Every structure is written in structure tokens, then in C-alpha cells.
Amino acid sequence: MCGVFGILGKYDASVAKAALGKLTHRGPDFCGVVERENLFFAHQRLGIIDTHARSNQPLSHEKILLSFNGEIYNFKELRDELKNDFDFKSQSEGEVIIAAYLKWGVGFVAYLRGMFAIALLDDETLYLFRDRLGKKPLFYLHNKSFIFASEIKALLPFLQKVEMDEDALLSYLSFLAPTPPFTFFKNIKKLAAGEYLTFRDKKVELKRYFDLLDAKVNLITDRDEAVFKLENILQESINMRLSADVPMASLLSGGIDSALINAFALKNGTKLQTYTLGYKDFAKYDERQNAKESAEFLGVSNQEVEISQNDFIDALDKTLDALDEPLNDPAAVPLYLLFERIKQDGFKVVLSGEGSDELFLGYRQYFEFLDVQSLTKLKNKNWLSNYFHSNFSMNREWERYKRVFDDTLLFRTTGESFTDLQKNMLMRRNVRDNESLKYIKSYRDRFENSSHNDESIWYSYIDLNLFQAEHFLSKLDRISMAHSIESRTPFLDHKFASALFSIDPKLRYEDGITKSLLKSIAKPYLGEKIISRRKKGFSNPYMEYLLESKKIELIREVNDKSGIFKKDAIEEYIQKASRGAFKQHVWGLYVLSVWIKKYLL
């Protein structure tokens, strides 16, 4: 895992090197730079595979330069396939990427299985690729020169002025993170999952090279066949991610996802050190007992990491600095502390269970939405529509029914936070109802133009592209890399995800059980107690900490100076949060306030 950085066009060498230095945490093992007139092409390396100096980057071959962040899990198979076409000098994935590009052109990316952010310069044409499911980030800025980087912080020295992008703000309030291509820094953009960028003759062109909706519909309709196929691909995915030349660990919650990863690792002959979070004085958020039972069942060594309020508050600013821009996920702070401990113990690779809930319908609200969705078939809905419009409620169920009776899109990601009407009540600017649909329109258009028509596939599709890629995976990448640790997510293998999209979607929900298919896969490997546990999630006492420490006052302070939100609305949200409601809404306002104070006030 590494950091990529480059400039095409005029640059100041001292500024470029200082900017590159901001990515040292992503790759402390080696820093490589190619400097030419109008070209600064660089790489910060975290050695995981073939840690020898021969695999340092940027890699150069004839007119090609490569700076690559990620892991290509099938690189050995590709190397064997390409050995007659390329004179390999190392055991690195980078050389395989160059060889694949020389043989297949930009279509080489279709042969890669893994996670990656790739910068490949062929003479005067630059290609940037972000992996299919968005595990690795790529940001860019096009002013007098074209600059790209793995994190926003390395692009900030090239901004003439920091301004907030309004589309980033509005999409963040709606969906917990800015939607592509927006970032909070006006003019800095990001690639979406499955996209690649071409920069040639001072022009930028974006194209999509992968879409989960290309998976054939209803390829498998038999449940037993589905379980058999998914189990085999998941086992293969996990086995591929157990390859590393450095120490490896795994996260372990009390749930099925992480337990199954460790069970399959054991089946492959690999016993991983596991880690679990706990919270001092807040047993209701604690998963240590469940994780302990899972560890004992599996026979693995589990390390418990306890977090106190002081730990949380002390790590708060460091965590938000690592994220670069507002990201509404309070789990980022305890995750920062967890990875801090894992790094202290000497591990450089960690396996995690992201993606399982979105693929297997692991959230109960998926089933609630499917139930509400059935009301779209009601005739004579006008009266109900008028009734709901005349009786506004902040309740999320009210919003769902209103959408159904208005014939507007019901499901807009699991991570939907502020609705448009809530934003209109909160902000000192007019926000029209359904205005946020523009941020997910391209995804919905692709779904409606695909051969898929089951709304549960839409739920998974939009959640994998936004709730996962821009929210959870952005958090995981920034927080793990802040500690120079590579995070691997076996459930988000593109072949595994595509296989699931090719299964009759009803097999995922017809029995009304969350993660029904995954539980069938896990049954031979995990005890019934683990499989049947109620989902707890990565919850933590962040609001209690924010209120007790008085940190929440920052929301009022920043709003008094910025004037973005209505004062009475801010007060109402803070009061509701103190009573346990709208907590994530308020956390999102706090994180936003930290960013505004740092960059705009």
C-alpha cells in the first residue's frame, strides 16, 4: 500500500517535494521521484509484497512511468501469462501492470483482481484508474498544471485559495460524504469507483470501465447452487488476501463477517491475530464479550483494546486531520485508536469485513424499504400524498411514505442523513425537495437502463458505490494509512460481488432474514450462537463524549461566524441529540464545523 503523486506541467520543485512529504505516512519505506521539465512523478512506498528495492516505484519502462497504490492479488497468474511478452526483473505487481498495459492497452485493468489506484504515464498521456469498488482513492486538481494524489492534503499547496464546494456540502449533508466528483475543496475532484481518467493535450476525459450492473440477471435461481458458488468464491477471495511478506492481523467484532473471514483463514492454514474494541463505562456499545466467544470458538488469539472518553477526545483532532475533509462517521475515531494499537504491535496488513451488509442485505432497514416499496402499487394515492404534505414530520418513516405517495425515488442509500426538507429547515438557503437526487442520478439512470429490475439490487448498488466507497472505505483507507497499515476487504472482491449480483435477488430476502445467504455459507464453520447474534454494528458513545466534553459547543461557535445554518434549527438538533435522537446528524454538523474553522474562518 502506498501513496501516488504527480504533476504534469510547470511546478516549483520545493513545493512539489513538500506536498509529496504529506503522504509519507502512506509509504514510509521508500520515496521515489522522477523529475523532468514539466513532470514530477512520485511514489511513497509501503512494502508488502517483494519488499526488495528492485520493486521501488515509480517504475520506468521505455516511455512508461508507473506509480501504483494497492494490491493485485492475481499478479502471479498474470505474470505467468505475460512472461513471453515482457522481460520481468522483479516479483512486483508494478511490472505486471506495465506488461499488461503493453499487451492490452487501457483494457488491461479488466484483468486485474484487487484494489488499486494507478497512475500510468505513457509518453505524454496520463491514465488514472480507481479500483472497481472504490477501495483506493485518487484526487486531482487541474489549473495551470494537472496534479494528482492519493490524498487531498498533498493537493492543498497548489490551491490559490481554499473555498468550500457547495455540491460537496449538500451531498455530504444528504449522504454522509461528498459524492463524486466533488470534494469540500472547490476545484479538487475525485475519481469514482470503477472510473478512469485520461489527461492528454491539457484535457481531462472520464470514463467508466466497470459496473456491477453488467452482471447477468438471474444466472442462478437455486439457493443451494447460490450458496455453493458464493462460498467457493469467498474462500478464494480470502485466500488471495492472505498473501503478504509482512505480519498480518484481522479485526474481530461479535458478528458473522469477521468471524467467517477468520474461519476461512484457518481453513487455509493461517491463524491471524485478532483485535476487538471496547468502551470503558459503556457496556451497551461493547462487543468484547461476543468477540471473546467467537475467538474461543475459532481458537484464535484476540486482543481487546479499551477506549475511554479521554482517549476518544485526545484522538479526535488527529482523526479528523487524517480524513482531510468532513466525513460523517463517528466510528473513525475509535478505529484510529484501534489501528494505532495494531501498528504498535508490529502489523502492516489487516483484514476487515466491509461490504458484507450491503451485498447480503444485512441491515434491517433494507427489508423495511422493500415493505414500503410495495405501496407503489397502490392506486388513488393522491389523497395520501396531500395528507402527508399537509402533516410534516421529522420522522424518517414520514419521509419514506411521502416519497412513495409522490412517486419519487424511495431508497437513496442506507447512509442518507438529512433529507432535503430537513436541509431546507436547517440552512439559510432554499433547498428544494428532491434536490439531492441529482447527486445519485447517474447511478439511478444506469440501474434503470440495466437488465436488473429488483429494487433490492438498487439498494446494494447505490450503497456499494456511495455508502461503502465514499463513506466506509474512505474512512478505512485514511485511518489505516495514517498508521501505515494496509487494510484488505475480502467481501469486496469484484468477482464475489458480481457473482452475488447474478443470483436471483429474491434469494437474499424472501425468507425475511438479514444475511440469509451468508448465514447458510457460514453454518458449517461457525456456531449457531455466532450466526444468530443480533447485529450490533460498530457503534460507540460518541455523542455522550461530545456532550460531556463540551466539544459540541463548536457547532454553535462556528455557525455564529459562518451563518450557514439557522440558529434555532441548530439548537433543536443539539437538544434532540442530547436526548438520543438525530445523533449522527449532529456528529455530521460537528465534523463540518471543525473543517470550516480550520480552513475558512
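This text goes with the structure placed above it.
For clarity, every value in this text was computed on a predicted model and none was experimentally measured.

K.L.:
What should I look at first to understand the environment of A331 in this one?
P.N.:
Among the structural elements, A331 can be located in the loop between α8 (309-323) and α9 (332-344). A residue is classified by how much of its surface remains accessible, and A331, at 4% relative accessible area, is buried. In sequence terms A331 and F472 are 141 residues apart; their C-alpha atoms lie 9.5 Å from each other.

K.L.:
I'm lost on unusual backbone geometry in this one. Help?
P.N.:
Across the chain, the bulk of peptide bonds are trans and the bulk of non-glycine residues have phi less than zero. P180 connects to P181 through a cis peptide bond whose omega is 10°. Tracing the backbone shows P181 in the loop between α4 (166-175) and β10 (188-190). Its identity as a non-glycine residue notwithstanding, N187 has a phi of 85°, on the positive side. Within the element layout of this structure, N187 appears in the loop between α4 and β10. We note that N218 has phi near 50°; this positive angle belongs to a residue other than glycine. Tracing the backbone through its elements, the reader meets N218 in the loop between β12 (203-208) and α5 (223-240). Residue classification places N218 among the partly exposed positions, given a relative accessible area of 38%.

K.L.:
How should I be thinking about the sheet that holds β12 in this particular structure?
P.N.:
The antiparallel open sheet is built from 6 strands, whose spatial order is β4-β5-β6-β7-β11-β12. Pairing within the sheet leaves two strands with one partner each, and these edge strands are β4 (59-61) and β12. Each adjacent strand pair in this sheet contributes to an overall mean axis angle of 20°, direction not counted. In this fold helix α3 (residues 93-104) packs onto β4, β5 (64-72), β6 (114-122) and β7 (125-130), with an angle of close to 120° to the strand it touches most, β5.

K.L.:
Would you mind showing me how to read the packing of aromatic side chains here?
P.N.:
The geometry of an aromatic ring pair is captured by the separation of the ring centres together with the interplanar angle, meaning the angle of the planes. A complete count under the given rule lists 49 aromatic pairs for this structure. Look at Y101 and F108: their rings are 6.1 Å apart centre to centre, the planes differ by 90°, and that puts the pair in the edge-to-face class. In terms of burial, Y101 and F108 fall into one category: buried. Ring centres of W383 and Y387 lie 5.6 Å apart, and the angle between their planes is 15°; this geometry places the pair in the stacked category. Linking W383 with Y387, this pair stays in helix α12 (residues 382-390), spanning 4 residues, or about one helical turn. Through a chain of ring-to-ring contacts, the aromatic side chains of F282, Y285, F312, Y542, Y545, W587 and Y590 assemble into a single cluster. It is K267 that lies over the ring of F264; its NZ or CZ is 6.0 Å from the centre.

K.L.:
Could you clarify how one ought to interpret the pattern of salt bridges in this entry?
P.N.:
Two side chains with opposite charge may pair up if their charged atoms get near one another. The tally for this structure, following the rule as stated, stands at 49 salt bridges. For the salt bridge of K153 with E151, the shortest nitrogen-to-oxygen distance reads 2.6 Å. An identical accessibility class is assigned to K153 and E151; each is buried. Across the pair K402 and D433 runs a salt bridge, and its minimum N-O distance is 2.8 Å. Here K402, found in helix α13 (residues 396-406), pairs with D433, found in the loop between α14 (420-426) and α15 (441-448); they are 31 residues apart in sequence, far enough to count as distant. Ionic contacts of the salt-bridge type, sharing partners, join the residues R26, K136, E151, K153, D324, D477 and R478 into one network.

K.L.:
Teacher, can you tell me more about the packing of helix α23 (residues 567-578) against helix α24 (residues 583-599) here?
P.N.:
A packed helix pair is summarised by two numbers, namely the angle formed by the two axes and the spacing between the axes. For the pair α23 and α24, interaxial distance at closest approach is 8 Å and the crossing angle is 125°. It follows that α23 is oblique to α24 by the angle criterion. Regarding α23 and α24, the two cross each other, and that crossing is left-handed. Residue-level inspection shows I570, Y573, I574 and A577 of α23 in contact with α24, the latter providing K583, H585, V586 and L589. Looking at side-chain class alone, the contact of α23 with α24 contains 6 nonpolar, 1 polar and 1 charged residues.

Here is what the cut-offs are and how they apply
- Residues numbered from 1 in each chain as written.
- Predicted model: local features only at pLDDT ≥ 70, side-chain atom pairs only at ≥ 80, totals over all residues.
- Heavy atoms only, no water.
- Helix = DSSP H or I, 4+ residues; strand = E, 2+ residues; numbered from the N terminus.
- Buried < 20%, exposed > 50% of the residue type's maximum accessible area, 1.4 Å probe, protein only.
- Pairing = 2+ DSSP bridges.
- Axes fitted to C-alpha atoms, helices over the stretch in contact; angles between N-to-C directions.
- Contact = heavy atoms within 4.5 Å.
- Phe/Tyr/Trp six-rings, centres within 6.5 Å; stacked < 30°, edge-to-face > 60°.
- Lys NZ or Arg CZ within 6 Å of the ring centre and 35° of its normal.
- Salt bridge = Lys/Arg side-chain N within 4 Å of Asp/Glu carboxyl O.
- Parallel < 35°, antiparallel > 145°, perpendicular 65-115°, else oblique.
- Left-handed = near helix turned anticlockwise from the far one by under 90°.
- Nonpolar A, V, L, I, M, F, W, Y, C, P; charged D, E, K, R; others polar.

Note that all results are geometric; they support no functional claim without further evidence.
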